[in-house]
Amino acid sequence: MPEEMKNQPDLMDKISIQISERITISTQLSEMEVAQIVGVEKQEMEKGGYVWYRLPVVEVDAHRMIFSLAFYEGKLREYKIALVESKQKNGSWKDWSETEERLRAEAIAAWLRDKGYVARVYPWGEVWVGYDPQTGAGYAHIGFFSFHLD
């Protein structure tokens with residue numbers, strides 16, 4: 001391993017985020033474990049074989065967050081992280097603004113940096129954080145390269 005990579009363990013280690021005492025989101029998390037979480041919402045995609053699970057809002061490091069996880073053939077392939085503002089707890093879009101969504105994306109990026117992960121491509125996958133004009137949302141997306149899932 002090159003010396004510069006030894007000094008940056010996050011380049012080699014797959015991302016792992018603990019969101020509760022019982023749940024750590026990583027490639028080791030099984031679809032069965034997620035399906036058993038109280039309040040989880042399951043959405044099977046009509047094509048492609050992916051199954052998405054939206055977890056209930058959870059507080060992590062003083063942030064209210066929603067995690068949406070995508071499994072394919074029982075393995076975690078990707079997930080999204082979105083911050084939930086207190087004014088949004090009822091699911092209202094009446095206070096939506098692009099500025100607020102961009103600020104949410106910046107807050108998620110700062111939180112991930114504190115965890116040791118910046119938005120970029122890693123040997124195990126990719127971390128993307130930003131504002132998506134197509135969905136009107138600011139969020140983080142973590143995707144794993146399939147050869148790192150076994």
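Relevant structure appears above.
An account of the accompanying structure is given in this report. (Residues numbered from 1 in each chain as written. Predicted model: local features only at pLDDT ≥ 70, side-chain atom pairs only at ≥ 80, totals over all residues. Heavy atoms only, no water.)

## Thoughts on the overall build of the protein
- Across its full length, the protein holds 3 helices and 10 strands.
- For the protein, the sequential pattern of α-helices and β-strands runs α-β-β-α-β-β-β-β-β-α-β-β-β.
- Sequence-distant contacts in the protein: of pairs separated by 6 or more residues, those separated by 24 or more amount to 45%.
- Entry remark: accessible area of the protein is about 9200 Å², with carbon and sulfur atoms responsible for 48%. (Helix = DSSP H or I, 4+ residues; strand = E, 2+ residues; numbered from the N terminus. Contact = heavy atoms within 4.5 Å. Areas by Shrake-Rupley, 256 points an atom, 1.4 Å probe, with all protein chains shown as cover.)

## Some thoughts on helix α3 (residues 98–115)
- Taking 1.5 Å of rise per residue, the 18 residues of α3 would be expected to cover 26 Å, and the 26 Å separating its terminal C-alpha atoms lies within 8% of that figure.
- Taken together, the buried positions of α3 are occupied by Glu 101, Arg 104, Ala 105, Ile 108, Ala 109, Trp 111 and Leu 112. Projection of α3 onto a plane perpendicular to its axis shows the buried side chains occupying an angular sector of 165°, all on one side. Turned more than 90 degrees off the buried face of α3, the exposed positions are Thr 99, Glu 106 and Asp 114.
- As for α3, its buried residues are in contact with β1 (17–18), β5 (58–60), β6 (63–72), β7 (75–83), β9 (125–132) and β10 (137–144).
- The positive-phi residue at the C-terminal boundary of α3 is Gly 116, with phi of around 100°. (Expected span 1.5 Å × (residues − 1). Buried < 20%, exposed > 50% of the residue type's maximum accessible area, 1.4 Å probe, protein only. Arc of directions from axis to C-beta.)

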